[in-house]
Amino acid sequence: MDYVSTRGDAPVLGFEAVTLAGLADDGGLYVPREWPVLSRETIAGLAGLSYVDTAVAVMTPFVGDALDEDALRGLCAEAYGRFDHAAVTPLVQLDHRQWLLELFHGPTLAFKDVALQLLGLLFERFLSSARDTHLTVIGATSGDTGSAAIDALAGRAKIDVFMLHPKGRVSDVQRRQMTTVLAPNIHNIAVEGSFDDAQTIVKALFADQETRGRLNLSAVNSINWARLMAQVVYYFYAAVRLGVPERAVAFSVPTGNFGDVFAGYVAAKMGLPVAKLIVATNVNDIVARALSSGDYSSGPVVATATPSMDIQVSSNFERLLFDLGGRDGLATAALMRGFETTKAMTIPEDIRTQAAALFSGKRVDADAMGLAMRWACEKAGRVIDPHSGVALAAARASDLPGDVPIVTLATAHPAKFGDTVERATGVRPALPVRLAGLFDRQERYATLPATLETVRGFVLARGR
């Protein structure tokens, strides 16, 4: 399997090189040269398989000759052995057509664990054969990526991690899950700005020749293809349990950086019968607007009770533009350069028409989110986090045919957002045992202004 950049001017790489590189050196994002397609019989054969065996079946076409099947299975077994539910991502019924896919049973209680536990093992395996190679991982987090990446990479040889988060714009639990990890290879940075500011700095560091000349950079954000690949698995895992391929299934996905819902798009390209991907946003609705009206323009980030969705620049949307735009890297590069300059873009009509066949965008405000959380608690006996509440509100408002089951991706444990959950439901979710004592632990992080120069100086002074 070869991988190409969405901007058409970076080397074609194999899976190992793409995993270690993260962002393409032309500023684009890597995608497979072509989408592998699973036959109807192969998809039907996934029914009843364990999560690990499903992961091997779905991911094998993407890894090419970088890993044999036994090696991939071993890595998956190790990664998902740390989850506290035997199903890894259990499916829970809410009513006759609404379902929850619980993605928060990993070590840091968020869906990011599904990909990052595996990515950490891939990094370690690929670096083990390169005696003198050291990897410097730089990432930006709107809440959950940081803690999941830090848990996966803390203490690993040949890897340093620099994780940027927007100061005061993540929950206390999210922050402490990052800043109380005191391993010497972990460096937390609180940026005095928004997630978009942090993400812009990270992309600029990857584009900076001095930084790339001194450090071997990689990414754990969803700009890294291997992270998205791992997320494709749970779409297949859930869908076959609801009757695929004999019927189609819809998914409602709480959306910020567009990575999780793009993984659903990949599943559909691979042959999974997906009736609709509902792109659920909060009031930071750039993606919902882009899909509904073609208006992809960013404004100031509004802080909400769903901080992981407080994003106005959705990096992975570029992958969709590239794929639906005929895979024309030069055209995609021109679109993205224009957006980076003006912070506005009108989605070409042909791309929007194609997207409408699979995607629907839904903006959900705080009131609708709270009502969905209360409904889940009172009518279905499930306490959910606010991000999942946004997606459930969008799912319940859908006009899909009544015989199409809708799966809401539950992306975080409700205890990570205890205050918001309690306000909506009257129930205060308890922190799981694995986070006992979190608020008693020492924190360590640096607070820096949201400027490239300052962050670059910090990284270069400490990176190897």
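Heads up: these notes are all about the structure in this document.

The rules we used
Starting from 1, residues in each chain are numbered consecutively following that chain's sequence as written. Only residues with pLDDT of at least 70 get local features here, since the model is predicted, and only at 80 or more are side-chain atom pairs given and counted; chain-wide, interface and lining totals rely on the full set of residues. Note: side-chain values were computed over all heavy atoms of the structure, leaving out hydrogens and water. Only DSSP runs of H or I reaching four residues or more are called helices, and only runs of E reaching two or more are called strands; each is numbered from the N terminus. Radius of gyration means the value over C-alpha atoms here, while the globule rule gives 2.2 Å times the residue count to the 0.38 power. Burial classes: relative accessible area under 20% of the type maximum marks a residue as buried, over 50% as exposed, and values in between as partly exposed (1.4 Å probe, protein chains only). Contacts between residues were defined by any pair of non-hydrogen atoms, one from each residue, lying within 4.5 Å. Lys and Arg are tallied as positive, Asp and Glu as negative. Neither His nor the chain termini are counted. Where a charge sits is defined by one atom per residue type, namely NZ (Lys), CZ (Arg), CG (Asp) or CD (Glu). DSSP-based pairing: two strands are paired if at least 2 bridges between them are found. With axes taken as lines fitted to C-alpha atoms, and helix axes fitted only over the stretch in contact, angles between N-to-C directions fall between 0 and 180 degrees.

## Focus: the overall build of the protein
Line of reasoning, step 1. What the protein contains, in helices and strands, is 19 helices and 15 strands.
Line of reasoning, step 2. Taken over the C-alpha trace, the protein has a radius of gyration of 20 Å; the compact-globule value for 464 residues is 23 Å, and the two agree within 12%.
Line of reasoning, step 3. Projected onto the principal axes, the alpha-carbon positions of the protein cover approximately 55 × 50 × 50 Å.
Line of reasoning, step 4. Within the protein, the proportion of its 464 residues that are buried is 62%.
Line of reasoning, step 5. Sequence separation of at least 24 residues holds for 77% of the intrachain contacts in the protein that already meet a minimum separation of 6.
Line of reasoning, step 6. Computed over 44 positive and 50 negative side-chain charges, the separation of the two mean positions in the protein equals 3 Å.

## Some details on the sheet that holds strand E4 (residues 98–102)
Line of reasoning, step 1. The strand order across the open sheet formed by 6 strands is E3-E4-E14-E9-E10-E13, and the pairing between neighbours is mixed. Here the strands that pair on one side only, and so sit at the sheet edges, are strand E3 (91–93) and strand E13 (359–363). On average, each strand axis in the sheet is inclined to that of its neighbour by 25°, with strand direction left out of account.
Line of reasoning, step 2. Contacting strand E9 (249–254), strand E10 (274–281), E13 and strand E14 (406–410), helix H11 (residues 259–269) runs over the sheet at an angle of about 170° to E10.

## Focus on the environment of Val 191
Line of reasoning, step 1. Within the fold, Val 191 resides in strand E7 (residues 186–192).
Line of reasoning, step 2. Distance in space between the C-alpha atoms of Val 191 and Leu 448 is 5.2 Å, their sequence separation being 257 residues.
Line of reasoning, step 3. The residues contacting Val 191, other than those within four sequence positions of it, are Leu 164, His 165, Pro 166, Lys 167, Leu 448 and Ala 450.

## Looking at the sheet that holds strand E6 (residues 159–166)
Sheets are built from strands paired through backbone hydrogen bonds, the pairs being either parallel or antiparallel.
Line of reasoning, step 1. If you walk across this open sheet you meet the 5 strands as E8-E5-E6-E7-E15, and the pairing is parallel. In this open sheet, the two edge strands, each paired with only one partner strand, are strand E8 (217–218) and strand E15 (446–449).

## Some words on unusual backbone geometry
Line of reasoning, step 1. In the segment running from Val 244 into Pro 245, the intervening peptide bond is cis, with an omega of 10°.
Line of reasoning, step 2. Here Pro 245 is to be found in the loop between helix H10 (225–240) and E9.
Line of reasoning, step 3. Look at Val 88: it is not a glycine, yet its phi comes out positive at around 70°.
Line of reasoning, step 4. Mapped onto the secondary structure, Val 88 falls in the loop between helix H4 (69–80) and E3.
Line of reasoning, step 5. Residues other than glycine seldom take positive phi values, yet Lys 158 does so here, at roughly 70°.
Line of reasoning, step 6. Residue class for Lys 158 comes out partly exposed when judged on its relative accessible area of 24%.

Everything listed is a geometric property; what it means functionally is a separate question.
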